[in-house]
Structure formats: C-alpha cells, structure tokens
Amino acid sequence: MDRELFEVAVKARQNAYIPYSHFAVGAAVRAKDGRIFTGCNIENASYGLCNCAERCAIFAAVKEGVREFDALCVTADTPQPVSPCGACRQVMAEFHIPKVYLTNLKGDCKETTVEELLPYSFAL
C-alpha cells in the first residue's frame, strides 16, 4: 500500500458531505509530477447530482491541468477494502491510472488496476 496516499485519503474523508447516507469516503490521487489531489464524496437531495470521492480527486487534478497519474487510493469505514462505483471506474480508465489501492480505515488494502476493475472499458 502507498502509505502517504492512504493517510491523505483518510484525512480527505473527514470533509465528506453525507447528510443522507452517512457513509464517508475519501480519495487521493498522485500525479506523475508528484502532486497529490484529494476528494471526498458529496451528496445531494437529488441523488444524481452526488459526486464520489474518486471523481472529486481526479477532477481536482484535471482542473489544474494534470492528465497523467501514478496511483489512486480510496478509503471508507467498511469491513473489507471499499470498491469504486462503475462511474468512478470509467473515469479512472479515461485517465489510465496504473495503480489503484482499495482500502478501509483499518488499513486493509487490495492493490489492483483499472483493467481488473473495469475490463473492456471505454478509453482513448
């Protein structure tokens, strides 16, 4: 596991806006240049307007001009490492994120790839 990404993701989780599910998720993505961008899940009464932690982190990086990444870590308070939704998997595929760390607050980790998470993705 990438300890630095994990710790940053855990911290980002604290900012989650979760008045409906009460299920906080944090994510951290590292750009190839070493910068780390974070995200947390943000809910809305109109559920389709919610955004996941993984996409918040990736979109924050893209907003700053980043297009190349080394790794992403996502974490939540789950019995096993948390798994990204399909939309997040597709966004990870779009940006070819090579390493993905699925974790929980206990520090359990499953290292995987976007190809394993989303075979046959739509990607450039």
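So, how was this worked out
- Residues numbered from 1 in each chain as written.
- Predicted model: local features only at pLDDT ≥ 70, side-chain atom pairs only at ≥ 80, totals over all residues.
- Heavy atoms only, no water.
- Helix = DSSP H or I, 4+ residues; strand = E, 2+ residues; numbered from the N terminus.
- Rg over C-alpha atoms; globule rule 2.2 N^0.38 Å.
- Contact = heavy atoms within 4.5 Å.
- Areas by Shrake-Rupley, 256 points an atom, 1.4 Å probe, with all protein chains shown as cover.
- Lys, Arg positive; Asp, Glu negative; His and termini not counted.
- Charge placed at Lys NZ, Arg CZ, Asp CG, Glu CD.
- Salt bridge = Lys/Arg side-chain N within 4 Å of Asp/Glu carboxyl O.
- Buried < 20%, exposed > 50% of the residue type's maximum accessible area, 1.4 Å probe, protein only.
- Core = buried A, V, L, I, M, F, W, Y, C linked by side-chain atoms within 4.5 Å.
- 1 Å grid on protein atoms, 1.4 Å probe; cavity = no way out; pocket = protein on both sides within 12 Å on 5 of 7 lines; lining within 4 Å.
- Points joined across faces, edges and corners; volume = space filled by probe spheres on them.

Student: What is the right way to read the overall build of the protein chain from this model?
Tutor: When helices and strands are tallied, the protein chain shows four helices and five strands. Ordered by position from N to C terminus, the α and β elements of the protein chain give α-β-β-α-β-α-β-β-α. Radius of gyration (C-alpha) of the protein chain: 13 Å, near the 14 Å computed for a compact globule of 124 residues. Taken along its principal axes, the extent of the C-alpha atoms in the protein chain is 35 × 30 × 30 Å. Long-range pairs, those at least 24 residues apart, make up 62% of the contacts in the protein chain with a sequence separation of at least 6. By element, 53% of the accessible surface of the protein chain is carried by carbon and sulfur atoms, the whole surface being about 6,700 Å². Charge centroids of the protein chain, computed over 13 positive and 15 negative side chains, lie 2 Å from each other.

Student: Can you help me understand the pattern of salt bridges in this one?
Tutor: Note on pairing: side chains with opposite charge can pair once their charged atoms come close. On inspection of all chains with the given rule, the structure shows six salt bridges. For Glu64, the salt bridge is made with Lys63, and the minimal N-O distance between the two is 2.3 Å. Since its relative accessible area comes to 43%, Glu64 is described here as partly exposed.

Student: Honestly, the nonpolar core in this entry has me stumped. Any pointers?
Tutor: Considering soluble globular proteins, one finds that nonpolar side chains tend to be buried as a cluster. Among the nonpolar cores identified, the biggest contains 25 residues, and Val29, Ile58, Phe69, Leu72, Met92, Ile97 and Val100 are the most heavily contacted of them. Apart from residues no more than four positions distant in its own chain, Met92 is found in contact with Ile58, Leu72, Pro84, Ile97, Val100 and Val114. Counting residues in hydrophobic clusters, the runner-up holds seven residues, among them Ala28, Ala71, Cys73 and Tyr101.

Student: I keep staring at the environment of Val82 and nothing clicks. Help me out?
Tutor: Within the secondary structure, Val82 is located in the loop between β3 (69-76) and α3 (86-94). Residues Val82 and Leu72 lie ten residues apart in sequence; the distance between their C-alpha atoms is 13 Å. For Val82, the residues in contact, after removing those within four places along its chain, are Phe23, Val74, Thr75, Ala76, Leu102 and Thr103.

Student: When you look at the layout of surface pockets in this model, what are you seeing that I'm missing?
Tutor: One number sums up the size of the largest pocket: a volume of about 300 Å³. Phe23, Val25, Asn41, Tyr47 and Cys52 are the residues nearest the centre of the largest pocket, which is lined by 18 residues in total. Sorting elements by how many residues they give to the lining of the largest pocket places helix α2 (residues 53-63) first, with three residues.

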